Every structure is written in C-alpha cells, then in structure tokens.
Amino acid sequence: MKTVEAIKDEEKLQTMKRYLKNKSTRDYCLFLLGINTGIRIHDLLHIKVNELMDEAGSMFTYLQSNLYNAPPVYLNDAVLLALRTCINERDLKHSDFLFKSRKTNEPISRQQAYRIINEASKHAGITGSIGTHTLRKTFGYHAYKKGIAISLIQKRLQHHTPSDTRQYLGLTTQAPKNLQLDVNL
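Quantities reported herein were computed from a predicted structural model and do not represent experimental measurements.

Q: Sorry if this is basic, but what is going on with the nonpolar core here?
A: If you look at the biggest cluster of nonpolar residues, it comprises 42 residues, and the most contacted ones within it are Leu30, Leu33, Leu52, Leu83 and Leu98. Contributing elements (two or more residues each) for this core: α1 (10–23), α2 (25–37), α3 (41–45), α4 (77–89) and α5 (110–123). Per-element tally for this core: the top contributor is α2, with seven residues. Not counting chain neighbours up to four residues away, the residues in contact with Leu33 comprise Gly38, Leu44, Ile47, Leu75, Val79, Leu83, Leu98 and Phe99.

Structure representation (structure tokens):
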C-alpha cells in the first residue's frame, strides 16, 4: 500500500477548493470538511445531517458523532457555510447522509471519495501520492505549521504518542520554526 502525503502547498489547496466548488457542492464540502477537521474518511462519509443541525435548521458549531470516540470537532465558519449550502442545494433530509450517493440513499463509497480527491489534485497539478487519507494528513500538517501543539493534534487524530503524530505527518523537527509564546501580561 502506497503512503499518501499531506498537501503542503496552500495555493494548490486553494486550486482544489475552487475546482471542487465549481464541480459539486457535495464534493467541495467533503474536501473542506476533511482538510479542516482531520476526521477519518469512513467517519466523514457516514456523517448524517442530524449530526450537523437541529430539526429547526440551526447548525451546530461542534460535531459529535456516535461513530467515533473522539472529542467534539469544531466546525469553522467556512465549513459551516459549505455544510449549509450542501444540505440546502441537495435538499437533504434530517436523516440523510451528508455525502449521500446520487444513486442510492447510502453514502458515497471510499472509492468514489478517492476519485473526487484524486481528480481535483490532478487539476491542481499535484504529482505526489494522493488518497482519501490525504485530507487527514493535510489537516494535521497545516495545524502543526500554524502553531497548534503536537499534543492537541495527536488527540484530534487519536494517536497514542506525539512521536506517532510527527511520523504520521512526516515531520522531522520537534517544533514549528519561529514559535513565539508571548503571554504579554
């Protein structure tokens, strides 16, 4: 099995986002949710609308799924907007899977998710190994680069040790460059 890499180039991420947004709200939402949360692909594909919003249509800012035993996942404004757009445009019911297949009431398959991500990565000119796991690795890599503590990323990704997380993300250094902890009391 080939090891996939994180998408490290933010411009390529933006290119993929534009491509997917123009192609399909479902596919764009899958990509955006994956790179912003680090949720495993199986769990992403099995999210139901009722885990994201209440009966009245109010969006939750945290996702707590019964599918995995992890802390609640924060949903930022961009993700919430994409979710609302996807749900509304596709006229999804409260009990529907968010990433419902166009042919059945089941979620899309891992293979279909792979095709979506792979097609967008080719469009963006990415030549490295890309797969569904790329979303999760991209989340972890960029969280680390933005100064999020490796221990918090470890917890989100449900790894046993910080060194497991560093290895998973392909990091060779212990801390981000130019880390400045200025409490400024």
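Q: Looking at this model, I keep getting lost on α5. Mind explaining?
A: An α-helical turn contains 3.6 residues, so any two residues separated by three or four positions project in the same direction. Along its 14 residues, α5 runs 20 Å from first to last C-alpha, staying within 8% of the 20 Å computed at 1.5 Å per residue. Of all the positions in α5, only Ala113, Ile116, Ile117, Asn118, Ala120 and Ser121 are classed as buried. The inward-facing, buried residues of α5 abut α1, α2, α3 and α6 (133–145). Following α5 by one or two positions, Gly125 has its phi on the positive side, about 80 degrees.

What counts as what
The numbers attached to residues start from 1 for each chain and follow its sequence in the written order. Confidence filtering applies because this is a predicted model: local features only for residues at pLDDT of at least 70, side-chain atom pairs given and counted only at 80 or more, and all residues used for totals across whole chains, interfaces and linings. Only hydrogens and water are removed before side-chain values are computed, so all heavy atoms of the structure are retained for them. The definition of a nonpolar core used throughout is a set of buried Ala, Val, Leu, Ile, Met, Phe, Trp, Tyr and Cys residues joined through side-chain atoms within 4.5 Å. Relative accessibility decides the category of a residue: with a 1.4 Å probe and only protein chains considered, values under 20% of the type maximum give buried, values over 50% give exposed, and everything between is partly exposed. Only runs of H or I of at least four residues qualify as helices and only runs of E of at least two qualify as strands under DSSP, and these elements are numbered from the N terminus. Only heavy atoms enter the contact rule, under which two residues are in contact if any of them lie within 4.5 Å. Under the convention used throughout, the expected extent of a helix is 1.5 Å for every residue step, that is, one less than its residue count.

By themselves these figures say nothing about function.
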